[in-house]
Amino acid sequence: MTAEVVRADTLAQATCVHCGEPAPAGHRFCCPGCAAAYEVIQGLGLGRYYRERVLDPAMRAPKPEPGARADLERHVAALDDGARELVLAIDGLQCGACVWLIESVLAREPELLHGRVNMTTRRLRLVWRGQAERAAQLVGRIEALGYRLVPFETSALAAAREAVTRRLLRALAVAGFAAGNVMLIALGTWVGARQGMGAATRDLLHWLSALIAVPAIAYAGRPFFGSALFALRQRRTNMDVPISVGVLLVTGLSLWQTATGGAQTYFESAVMLLFFLLAGRLLDTQARGRAHAAAEELLTLRGGDVVVLGADGTLVRRPQSAIAVGDRILAGLGERIGADGVVEAGESSLDTSLVTGESRPVAVGAGSAVFAGTLNLDAPLTIRVTAAGNGTLLAECVRLIEAAEARRSRFIVLADRVARRYAPLVHLLALGTFLYWVIVGGAPIADALLVGCAVLIITCPCALALAVPLVQVIATGRLFTGGILLKSPTALERLAEVDTVVFDKTGTLTEPELRLAGRPDRDALREAAALAAASRHPLARVLCAAAPPVVPAAGAEEMPGAGIACGAARLGSARFCGVDAGAGEGPELWFVRPAHPPVRFGFIEHLRDDAEATVARLRKLGLRLALLSGDRPESVSRIAAALGIETWQAGLRPRDKVAALEAMQTRGARVLMVGDGLNDGPALAVASVSASPSTAADLSQTVADFVYQGRALAPVAVAISTARRARAVTRQNLALALGYNGLMVPLAMLGFVTPWLAAAAMSVSSAVVMLNSTRLRLARAAA
Amino acid sequence: MIILFGLLALSLCLGGIGLAAFLWSLRDGQYSDLDGAAHRVLFDD
């Protein structure tokens, strides 16, 4: 039945030829911007774009948005040869056709030297000859097509990450080259030893191996040696310490054997070990870097940009960090206010839910104090900035967060915890073996050293070092494709240990937008929606969405800050409609028309569609649930009751949320905090692990360990069950690696391990661990 | 015996060429947009 209704609706509702969004019945386009974009594309003969593209409904539609342009010139860089460069993040890039369209349009610009889209990072790099002011023109060309471009400056962190990835890739290439060649030569010596190869030939081959292996190890081992040195200087140990010790000792011993004409060298083991380890590390960095970059990009595109009103009346977009006290900023309809300040002109109401958790809009007028992060609902406001940097509400939250994050950084990953106990044991074992062979066995020191080193090679935690990162890579990749961006390297392990989930209410359990309450009269709703179609006000939008298909009323006129009038019919506040009514519960719109009694449309918060199912699933996973909100007790208790959450607290300030979480954690609970507001920021930092929806305040997304996209709440449950499965597989891997060592170490101690056996054993154990990890990929997503 | 020297040198040279090619392609940025490369193939003109 529902399917039919949907079909009927889509038939009645035309979609815009350009952006695919609903268009008014009988129209080909939803807005003049789309019509212009279509003209441009057809005019350039690029109509193929419409045939080839695939629109993803989850992404932003390619709809041109009028408004202030970003301050581009500040971001234009001058290159050595006099050309200018600008890198931009693209919002709305949907598929390969978009890349083709953008590049084809840019190819028609004569001065442009380079205009290429990077689809992986969703960036556009422009290089042109001429003035910096050309940037606005070039960007305007693309923005007219419906993409949004934001100047992108690679953060120091991202640049460092990229450098690390490149260094690892180069090291991997060198190690791979060396491993292949050294292994080939080693095979020759092994076979040669059985067929009576002369000692001179064998020594030659050993020298050749050394020639390749030693520089390769010196180069490719640096990531491990550096990290091990750093840990040792801090008087700690990590996984890289046993790796470095093992590789260096084995190399040294092999060199010595080569120089003295010994029969056995282990160059191939050392190089292969490095190759496997580098592969694991590279995968790890890449998977995490990708998720991290995606989260970063989300923040760039949502833009903390603020429209500043210049002295000469011009409008410029500037990042929040470039706002100074005394600046006058504009907050448009439906925009978030960019800084703390005082209203200078305009009357409106604000949605403060992201800051305080309160769901009821607050009325503001000239002289009212407003906070950054609140949403302007009714009419444009001009605001004089009173606080920037320290002293803002934001800054207080940031301070609380910094204090909390220092505590969380003490978490030690499982691999390092194992390595901490494992490394001394292994080194003692090798030393013990050596001493035993010398003292008790009476063997020559050279032979005893050889046996001791064989123990080191066998125990060198190749499988151990692969066991954890591989699982991390696969789990992170799975979460990534599910729209869950993991930001912290230890988040997965902390997530697996969670036993309590604490939710924020507004915007987390409920949808960020309001919904129409009750079931209003259908005719009244249809007529009201026809008026509402003329407005961009959030409540009017909700009304339109509730009554499709909407045919806009001819002659409807919006009075900013009051309502919409069309002939004798009026839609807006009670005062605007001339209705005498007390303050109702929550936000409302009144609708009056001739010959009918006034109709009231109330709006309430609505639970996310899958909130109930997700809560049930979390319970099934054995988790305790709680609700901490800054909103009024009535609305919190309503939501708590609807979901059956028994533990709830209302009216909490950021500080109180932190206190509540700390109380839980001192009682031994491991808490996952899920929240989206500015007021949740400190609590997110205090919790053992934290999550934010991608609609959250910038601050919350920065703090949260993982960010999930889309309208659903289900990712929270998916993340927990994936983390738990990942933990199980990690433990199996560790058990496999340790079990293999238990089997091989006695052989090594007895002196039975020859170079070829060591190389084979190492490869086999790594392969087993890899195969076991891929089981995680095969497992079904739903738990 | 002489053939051994020749073959060893040859194999090292071949491996070295491969390594150099990879390092060059890495520096050239050929691995920076793997997604884009997959899609660009469909729109060659």
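Residues numbered from 1 in each chain as written. Chains lettered and ligands numbered in written order. Predicted model: local features only at pLDDT ≥ 70, side-chain atom pairs only at ≥ 80, totals over all residues.

(A) Here's a closer look at the overall build of chain B. Each helix and strand in chain B was counted, giving two helices and zero strands. Classification of the 45 residues of chain B by burial places 2% in the buried group. (Helix = DSSP H or I, 4+ residues; strand = E, 2+ residues; numbered from the N terminus. Buried ≥ 20, exposed ≤ 12 C-beta atoms within 10 Å, placed from the backbone.)

(B) Local environment of the overall build of chain A. Counting its secondary structure elements, chain A contains 27 helices and 29 strands. Here the contacts in chain A between residues at least 6 apart in sequence split such that 67% fall between residues at least 24 apart. (Contact = placed C-beta atoms within 7 Å.)

(C) The arrangement of unusual backbone geometry in detail. Even without glycine at this site, Ala595 of chain A takes up a positive phi of about 65°. By C-beta crowding, Ala595 of chain A is classed as exposed, having 5 other C-beta atoms within 10 Å.

(D) Structural context of the domain arrangement of chain A. All names here are of chain A. Domain annotation for chain A reports domain 1 (2–51), domain 2 (73–155), domain 3 (156–285) and domain 4 (306–388). Taken together, the contacts link nine residues of domain 1 with eight residues of domain 2. Here the side of domain 1 that touches domain 2 takes four residues from helix H2 (residues 32–43), the largest share from any one element. (Domains from an automatic or database assignment.)

(E) View of the environment of Ile445 of chain A. All names here are of chain A. With respect to the helices and strands, the residue Ile445 is situated in helix H14 (residues 445–459). By the C-beta count within 10 Å, which is 10 here, Ile445 ends up exposed. A C-alpha to C-alpha distance of 8.2 Å links Ile445 and Phe434, two positions eleven residues apart in sequence.

(F) Representation of the nonpolar core in the model. All names here are of chain A. Within the largest apolar cluster, 137 residues are counted, with the highest numbers of intra-cluster contacts made by Ala175, Val271 and Leu274. Of all the elements, helix H26 (residues 715–749) adds the most residues to this core, at 14 residues. Not counting residues within four places of it along the chain, the set of residues in contact with Leu274 comprises Ala175, Ile217, Ala220, Gly221 and Val247. (Core = buried A, V, L, I, M, F, W, Y, C linked by C-beta atoms within 7 Å.)

(G) Expanded view of the interface of chain B and chain A. Taken together, the contact between chain B and chain A spans 18 residues of the former and 18 residues of the latter. Here the side of chain B that touches chain A takes nine residues from helix H1 (residues 2–27) of chain B, the largest share from any one element. Here the side of chain B that touches chain A is composed, by residue class, of nine nonpolar, six polar and three charged. (Nonpolar A, V, L, I, M, F, W, Y, C, P; charged D, E, K, R; others polar.)

(H) Highlighting the sheet that holds strand S9 (residues 315–318) of chain A. Residue and element names in this part refer to chain A. Ordered by their spatial adjacency, six strands build an open sheet running S9-S8-S10-S16-S11-S14, and the pairing between neighbours is antiparallel. With partners counted over all chains shown, the strands left at the sheet margins are S9 and strand S14 (369–370), one partner each. As paired strands, strand S11 (residues 340–345) and S14 are joined by two bridges and run antiparallel to one another. Across the sheet, Gly341 pairs through a bridge with Val370, a residue of S14. (Pairing = 2+ DSSP bridges.)

(I) Representation of the environment of Val451 of chain A. Residue and element names in this part refer to chain A. Checked against the element boundaries, Val451 lands in helix H14. Residue classification places Val451 among the buried residues on the basis of 22 C-beta atoms within 10 Å. The sequence separation of Val451 and Leu470 amounts to 19 residues, and the corresponding C-alpha distance is 31 Å. In this structure, Val451 is in contact with Thr433, Phe434, Trp437 and Gly751, ignoring residues within four places of it in sequence.

(J) Looking closely at helix H7 (residues 199–220) of chain A. In this model, H7 of chain A (22 residues) spans 30 Å end to end at C-alpha, consistent with the 32 Å of a helix rising 1.5 Å per residue. Along H7 of chain A, the residues that are buried comprise Leu205, His206, Leu208, Ser209, Ile212, Ala213, Ala216, Ile217 and Ala220 of chain A. (Expected span 1.5 Å × (residues − 1).)

(K) Layout of the sheet that holds strand S24 (residues 599–607) of chain A. Residues and elements named next belong to chain A. Here we have six strands laid out as an open sheet, ordered S19-S24-S23-S22-S21-S20, and antiparallel in their pairing. Only two strands of the sheet have a single partner each, and these edge strands are strand S19 (510–516) and strand S20 (557–559). Going from strand to strand, the sheet's axes swing by 20° on average, the running direction of each strand aside. In this sheet, S24 lies alongside strand S23 (residues 588–592) in antiparallel orientation, the contact comprising four bridges. When the sheet's bridge partners are listed, Leu589 is paired in S24 with Phe601. Sheet strands touched by helix H19 (residues 538–546): S19, S23 and S24. Its angle to S19, the strand with the most contacts, is close to 70°. (Axes fitted to C-alpha atoms, helices over the stretch in contact; angles between N-to-C directions.)

(L) Representation of the pairing of strand S10 (residues 328–331) of chain A in the model. All names here are of chain A. Bridge count for strand S8 (residues 306–309) against S10 is three bridges, and the pairing is antiparallel. If you follow Val307 over to S10, its bridge partner there is Leu330. Summarising the sheet, S10 and strand S16 (residues 381–387) pair through four bridges and their orientation is antiparallel. Bridged to Ala331 within S16 is Leu381.

(M) View of the environment of Glu646 of chain A. Here Glu646 of chain A is to be found in the loop between helix H22 (633–643) and strand S26 (647–649). Along the sequence, Glu646 of chain A and Asp327 of chain A sit 319 residues apart, while their C-alpha atoms lie 47 Å from each other.

(N) Spatial organisation of the packing of helix H18 (residues 522–532) of chain A against H19 of chain A. Residue and element names in this part refer to chain A. Look at H18 against H19: their axes get within 8 Å of each other, and the N-to-C directions meet at 130°. With respect to their mutual orientation, H18 and H19 come out oblique. The chirality of how H18 crosses H19 is left-handed. Across the interface between the two elements, Leu525, Ala528, Ala529 and Ala532 from H18 touch Ala540, Leu543, Cys544 and Ala546 from H19. Here the residues of the contact of H18 with H19 sort into eight nonpolar, no polar and no charged. (Parallel < 35°, antiparallel > 145°, perpendicular 65-115°, else oblique. Left-handed = near helix turned anticlockwise from the far one by under 90°.)

(O) Structural detail: H26 of chain A. With 35 residues, H26 of chain A should reach 51 Å at 1.5 Å per residue; the first-to-last C-alpha distance of 49 Å fits that figure. Positive backbone phi, approximately 85°, marks Gly751 of chain A, located one or two places after H26 of chain A.

(P) Expanded view of the packing of H7 of chain A against helix H9 (residues 240–259) of chain A. All names here are of chain A. Packing of H7 against H9 leaves a shortest axis separation of 10 Å and a crossing angle of 155°. It follows from the interaxial angle that H7 and H9 lie roughly antiparallel. In this structure, H7 meets H9 at a crossing whose hand is left-handed. Residue-level contacts link His206, Trp207, Ala210, Val214 and Ile217 of H7 to Val247, Thr251, Leu255 and Thr258 of H9. Of the residues assigned to the contact of H7 with H9, the class counts are six nonpolar, three polar and no charged.

(Q) Representation of the confidence of the model for chain A in the model. Of all residues in chain A, 87% have pLDDT values of 70 or greater, and the mean over the chain is 80. Scored below 50 in pLDDT, residues 1–12 of chain A shows four contacts in the model against residues more than four places distant or in partner chains. (pLDDT = per-residue confidence, 0-100.)

(R) Spatial organisation of the confidence of the model for chain B. Per-chain confidence: chain B averages 84 in pLDDT, with 93% of residues scoring 70 or above. In the model output, the complex is listed with pTM 0.71 alongside ipTM 0.87.

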